[in-house]
Amino acid sequence: MSLKQSLAGKTLEQLQAITTQYDMPRFTASQIAIWLYRNRVSSIDEMTNLSKVNRQRLSADFEVGYLPPVGSHQAADGTVKYLFAAGDNFVETVYIPDRERATLCVSSQVGCKMNCRFCMTGKQGFNGNLTATEIINQIVSVPEFERLTNLVFMGMGEPLDNIDEVLKAIDILTSKEGFAWSPHRITLSTIGVIPALHRFLDRCQCHLAVSLHSPFPEERQRLIPAQKAYPISGTVELLRNYDFSHQRRLSFEYIVFEGINDTTDHVNKVAQLLHGLDCRINLIRFHAIPQVNLHSPSEEKMTALRDAFSRKGFICTIRASRGEEIQAACGMLSTARKQQG
């Protein structure tokens with residue numbers, strides 16, 4: 001394993017600190033950033049507008065740090081699940097093509113602390129946070145990078161439980177010295193880690209998706225144990241302090257479990273909880289995972305629930321299920337077996 005530090009995943013400020021340390025001109029940091037994020041070079045030697053001496057000095061202690069995926073599986077619908085090494089562990093990243101859209105579902109942690117009842121990643125346990133380098137590497141290193149239109153932090157892990165590294169990655173993605181993407185190409189999904197949610201909303205204009213799944217506190221806690229520490233009522237109260245009426249989009253994810261959270265009482269309580277918020281609701285069919293006694297609803301139930309929320313005045317959609325046959329659908333990502341063997 002290389003003992004050199006990775007340049008990829010460093011913000012402009014961090015690159016400026018490096019160039020200052022090595023007595024290089026300040027503008028060199030911007031040049032390095034362009035090579036890393038615009039040109040996506042694989043070696044420091046390719047940074048040809050840096051002097052040969054400076055390239056040699058950097059190469060003694062640093063490397064670019066991009067690594068290709070170590071494996072992949074493709075579903076019949078075109079969804080591709082990539083496996084990336086993360087130190088001694090692995091994470092999964094999912095590419096989802098859909099007509100003119102091409103979305104990449106990115107991981108932020110190895111495993112997850114939240115242990116949501118319906119999620120394979122949570123059953124894996126928590127093995128560590130990804131660095132901004134490891135997050136950015138997932139994006140740059142997929143073969144479909146040039147086709148990407150959207151990025152979602154909906155892979156393995158709770159992004160707001162790794163807020164520092166996730167914000168660094170977002171800064172690189174959206175800054176003019178980085179990829180220069182619009183923040184509205186990026187969505188972050190969270191169960192509502194309230195302290196970090198403040199920082200996310202204040203620091204960027206990326207879209208936000210909140211995992212709701214039930215409006216009733218006790219029932220939601222059985223599905224999402226973190227409800228006890230981060231109640232959905234507190235999350236909604238915080239969100240009322242922010243403006244979602246313009247380009248930034250607020251949505252609530254609602255995984256539907258047959259006979260549990262699909263009743264008229266649930267629709268009415270959700271409408272009461274979210275009243276006055278400029279938001280939409282995304283219904284997601286539950287995907288069965290081992291040793292979990294929850295069941296997927298019928299298409300008729302999904303349609304009826306969507307129509308019921310629509311009658312309450314919400315924009316409500318049913319998310320298409322993609323990649324289920326390769327365990328790439330919502331709630332199915334896990335590298336536990338790969339780490340064991």
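Just so it is clear, the structure is predicted and the values come from calculations on it, not from any experiment.

Caption draft 1: Structural detail: the pairing of strand β11 (residues 207-211). When you tally the buried positions in β11, you get five out of five residues, the bulk of the element. Burial along β11 is two-sided: H207, A209 and S211 and L208 and V210, pointing in opposite directions, are all buried. Pairing geometry for strand β10 (residues 186-190) and β11, over four bridges, is parallel. Residue pairing for β11: T187 is matched across the bridge by H207. Crossover handedness for the path β10 to helix α7 (residues 194-203) to β11: right-handed. Pairing geometry for β11 and strand β12 (residues 250-256), over four bridges, is parallel. Residue S211 lies in a different strand from β12, and its bridge partner there is E253.

Caption draft 2: Main features of the sheet that holds strand β4 (residues 80-86). If you trace the 10 strands from one edge of the open sheet to the other, you get β3-β4-β5-β6-β9-β10-β11-β12-β13-β14, paired in mixed fashion. Two strands close off the open sheet at either side, each with one partner strand: β3 (71-74) and β14 (315-318). The sheet shows a mean angle of 20 degrees between the axes of neighbouring strands, taken without regard to direction. In terms of strand pairing, strand β6 (residues 101-105) meets strand β9 (residues 150-153) through three bridges, oriented parallel. By the bridge assignment for β9, T103 is matched with N150.

Caption draft 3: Summary view of the state of the cysteines. Within this structure, the stated rule accounts for zero disulfides. Sulfur of C204: no disulfide; nearest cysteine sulfur belongs to C206 and is 3.8 Å away. Given the relative accessible area of 11%, C204 is considered buried.

Caption draft 4: Representation of helix α9 (residues 232-239). Counted residue by residue, α9 has six buried out of eight residues, so it is predominantly covered. Residues of α9 that are buried sit in contact with α7, β11, α8 (217-223), β12 and α10 (264-273).

Caption draft 5: Structural context of the side chain of N150. You can see N150 is positioned in strand β9. Overall, the relative accessible area of 13% leaves N150 in the buried class. Within the local environment of N150, its side chain forms a polar contact with the side chain of T149, the two groups lying 2.7 Å apart. Setting aside chain neighbours within four positions, we find N150 in contact with R101, A102, T103, L104 and R185.

Conventions used here
- Residues numbered from 1 in each chain as written.
- Predicted model: local features only at pLDDT ≥ 70, side-chain atom pairs only at ≥ 80, totals over all residues.
- Heavy atoms only, no water.
- Buried < 20%, exposed > 50% of the residue type's maximum accessible area, 1.4 Å probe, protein only.
- Helix = DSSP H or I, 4+ residues; strand = E, 2+ residues; numbered from the N terminus.
- Pairing = 2+ DSSP bridges.
- Right-handed = clockwise from strand over helix to strand, strands pointing away.
- Axes fitted to C-alpha atoms, helices over the stretch in contact; angles between N-to-C directions.
- Disulfide = S-S within 2.5 Å.
- Contact = heavy atoms within 4.5 Å.
- Polar contact = N/O pair within 3.5 Å; in protein donor to acceptor, adjacent residues only side chain to side chain.

This is a description of form; function is not addressed.
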